[in-house]
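Reading the structure
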Amino acid sequence: MTLLDNTMLGDLNERSREVFRQIVDAYVETGEPIGSRTIARRLSEKLSAATVRNVMADLEEQGLLVAPHISAGRLPSEKGLRLFVNALMEVGDLPNAERDQLTKNCERAGYSLDEMLGEATSMLSGLSRCAGLVVAPKTDGLRLKQIEFVPLSPGKVLAVLVAQNGSVENRIVDVPTNMPTSALTEAANYLNTQLAGKTLDDARLLVARERERIQSELDVLSASLIDAGIATWAGGVKDSSLIIKGQSQLLENIATIEQLETVRRLFNVLEARDQMIELLDVTSEAEGVQIFIGTENKLFGGSGLSMVISPYQNAEGSIVGAIGVVGPTRINYARIIPLVDYTAKLVGRLIG
């Protein structure tokens, strides 16, 4: 638990904790807003609906619950789900039947590495009732000859990596559902132009450095426009937009119009670099079992999805990939965490 979790948990008495736990459990079961009468019936302690309603109001004031509609019940917020996962959830062991099923199917003779990973991901998806995802082992020293991104469905892209030695790796990766095909094309064109002969890690570093250079150029141009009283910033640096004023003055100044066009172009390039980094990030190493709830995960931010993912290791103890699931924020975390954890350990053992 974090210090913030400890502080928030300390602010809840036993009654509030139990009411909150029941709300989360009911939300996981139904996905619907929960009313005070429903919670009162679920509690072991006899409480009136009015008492439960008061407790729920306190939890909402602390940011742990939200009301989707004025007259409806309450739902746990992302903040509330995070507190529940970190401080209140009880994680049990994976049932032996599911362990045996996973092990039997993944150990089936004749499976290649790709087939074994595919089987593990499919089983993980079926048992969790979520979408399975896997980051395949990286090939040490793999130097790129060509890379292509092929859209499969909203939020799914096939990355085709062709190495200089002629080997081909196909990786299905998750991307923002609103990522346009043009961004995939631009990413592939840029990478193929700039990164031939480089490793994936080299690629990510180069793209990141390019982004920093573009950001620096954008900052200089923007500062000159602001100093001239022509533009102002809105929002933070990452999500900034440039607000233009004094249009009549702009029409008299060709250089300024050209600067504005440069700013617009740089904004577009920055966005493309961000998308490229997200595509390359799926090959990066993770540390420990990770749980991303809703907007905590930048790859799925704003989509109302959560991700539970665990790295897996080879025989030398090096992290070589990751496997997990993506689903709605109301996934059964207590069940899925041990499921993902066991699958990751099984995959690591089978890779050897």
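Residues numbered from 1 in each chain as written. Predicted model: local features only at pLDDT ≥ 70, side-chain atom pairs only at ≥ 80, totals over all residues. Heavy atoms only, no water.

1. A few points about the sheet that holds strand 3 (residues 131-135)
Spelled out, the test is: Two strands qualify as a pair provided DSSP detects at least 2 bridges between them. Note on conventions: DSSP H or I runs of at least 4 residues are helices, E runs of at least 2 residues are strands, and numbering of each starts at the N terminus. Only the stretch in contact is used when a helix axis is fitted, and all axes are lines through C-alpha atoms; the angle between N-to-C directions ranges over 0 to 180 degrees. Contacts: residue pairs with any heavy atoms within 4.5 Å of one another.
A sheet is described by the order of its strands in space; here four strands give the open sequence 3-11-10-9, paired in antiparallel fashion. Each of the sheet's edge strands pairs with one partner strand only, and the pair in question is strand 3 and strand 9 (290-293). When strand polarity is set aside, the average angle formed by the axes of neighbouring strands in this sheet is 15 degrees. Taken strand by strand, helix 12 (residues 333-351) contacts strand 9, strand 10 (305-313) and strand 11 (319-328), and its axis lies near 30 degrees from that of strand 10.

2. Brief notes about the nonpolar core
Taken as a class, soluble globular proteins show a tendency for nonpolar side chains to be buried jointly. To be explicit about the condition: Nonpolar core, defined: a set of buried Ala, Val, Leu, Ile, Met, Phe, Trp, Tyr and Cys residues in which side-chain atoms within 4.5 Å join the residues together. Summary of the burial criterion: residues with accessible area below 20% of their type's maximum are buried, those above 50% are exposed, and those between are partly exposed, where the area comes from a 1.4 Å probe applied to protein chains only.
Membership of the largest hydrophobic core comes to 54 residues, with the highest contact counts inside it found for Val19, Phe20, Val52, Leu59, Leu102, Val308 and Tyr333. Ranked by the residues each element gives to this core, the list is headed by helix 12, at nine residues. Apart from the residues lying within four places of it in its own chain, the contact partners of valine 52 are Val19, Ser36, Ile39, Ala40, Leu43 and Leu47. One finds Ile147, Phe149, Val157 and Val173 within the second-largest nonpolar core, a separate group that totals 19 residues.

3. With respect to the pairing of strand 4 (residues 144-153)
Sheet topology places strand 4 next to strand 5 (residues 156-163); eight bridges connect them, and they run antiparallel. If you follow leucine 144 over to strand 5, its bridge partner there is alanine 163.

4. Focus: the environment of proline 68
Among the secondary structure elements, proline 68 is positioned in the loop between strand 1 (65-66) and strand 2 (75-76). For proline 68, a relative accessible area of 37% translates into the label partly exposed. Sequence-wise, proline 68 and proline 33 are 35 residues apart; in three dimensions their C-alpha atoms are separated by 7.6 Å. Not counting the four nearest positions on each side in its chain, proline 68 is found in contact with Pro33, Gly73 and Leu75.

5. A short note on the environment of arginine 108
Note that arginine 108 resides in the loop between helix 6 (96-106) and helix 7 (113-128). The partly exposed category is assigned to arginine 108, whose relative accessible area is 41%.

6. Section: unusual backbone geometry
Glycine aside, a negative phi is what most residues show, and trans is what most peptide bonds show. The backbone of arginine 129 shows a phi angle near 60 degrees, a positive value even though the residue is not glycine. Along the chain, arginine 129 falls in the loop between helix 7 and strand 3. Since its relative accessible area comes to 80%, arginine 129 is described here as exposed.

7. Looking at the confidence of the model for the protein
What counts is decided by this rule: Every residue is assigned a pLDDT by the predictor, reflecting its confidence on a scale from 0 to 100.
Residue-level pLDDT values for the protein average 75, and 67% of them are 70 or greater. For the protein, helix 10 (residues 247-251) is the element with the lowest average pLDDT, namely 42, and strand 2 is the one with the highest, namely 92. Residue range residues 234-254 is modelled with pLDDT below 50. Its contacts to residues more than four positions away, or to other chains, number 36 contacts. Within the model, pLDDT remains below 50 along residues 282-286, and this stretch shows 11 contacts once partners closer than five positions in the same chain are excluded.

8. What about the packing of helix 6 against helix 12?
Rules: Geometric relationships in this document are graded by angle, where less than 35 degrees denotes roughly parallel, more than 145 denotes roughly antiparallel, 65 to 115 denotes roughly perpendicular, and other angles denote oblique. Put simply, a crossing is left-handed when the front helix is turned counterclockwise from the back one by less than a right angle, and right-handed when it is turned clockwise.
The geometry of helix 6 relative to helix 12 is characterised by a closest axis approach of 11 Å and an angle of 30 degrees between their N-to-C directions. Classified by the angle between their axes, helix 6 and helix 12 sit roughly parallel to one another. The crossing of helix 6 and helix 12 is right-handed. Where helix 6 abuts helix 12, its residues Glu98, Arg99, Leu102, Thr103 and Cys106 lie against Arg335, Leu339, Tyr342, Thr343, Leu346, Arg349 and Leu350.

9. Focus: the side chain of glutamine 22
Tracing the sequence through the fold places glutamine 22 in helix 2 (residues 14-30). When sequence neighbours within four positions are dropped, the list of residues in contact with glutamine 22 reads Ile39, Arg42 and Leu43.

10. Digging into the environment of alanine 120
Checked against the element boundaries, alanine 120 lands in helix 7. Along the backbone, alanine 120 and asparagine 105 are 15 residues apart, and their C-alpha atoms lie at a distance of 7.9 Å. Ignoring any residue separated from it by four or fewer positions in sequence, one finds alanine 120 in contact with Cys106, Ile323, Thr343 and Val347.

11. Points about the pattern of salt bridges
Defined as follows: Each salt bridge in this description consists of a side-chain nitrogen of Lys or Arg and a carboxyl oxygen of Asp or Glu lying within 4 Å of one another.
A full pass over the atoms with the stated rule returns seven salt bridges. Between arginine 21 and glutamate 18 there is a salt bridge; the shortest N-O distance is 2.8 Å. Of this pair, arginine 21 and glutamate 18 both sit in helix 2, three residues apart, roughly one helical turn. Residue classification places glutamate 18 among the partly exposed positions, given a relative accessible area of 22%. The shortest N-O distance in the salt bridge between glutamate 98 and arginine 335 comes to 3.0 Å. Linking glutamate 98 in helix 6 with arginine 335 in helix 12, this pair joins segments that are 237 residues apart in sequence. Note on arginine 335: relative accessible area 28%, which makes it partly exposed.

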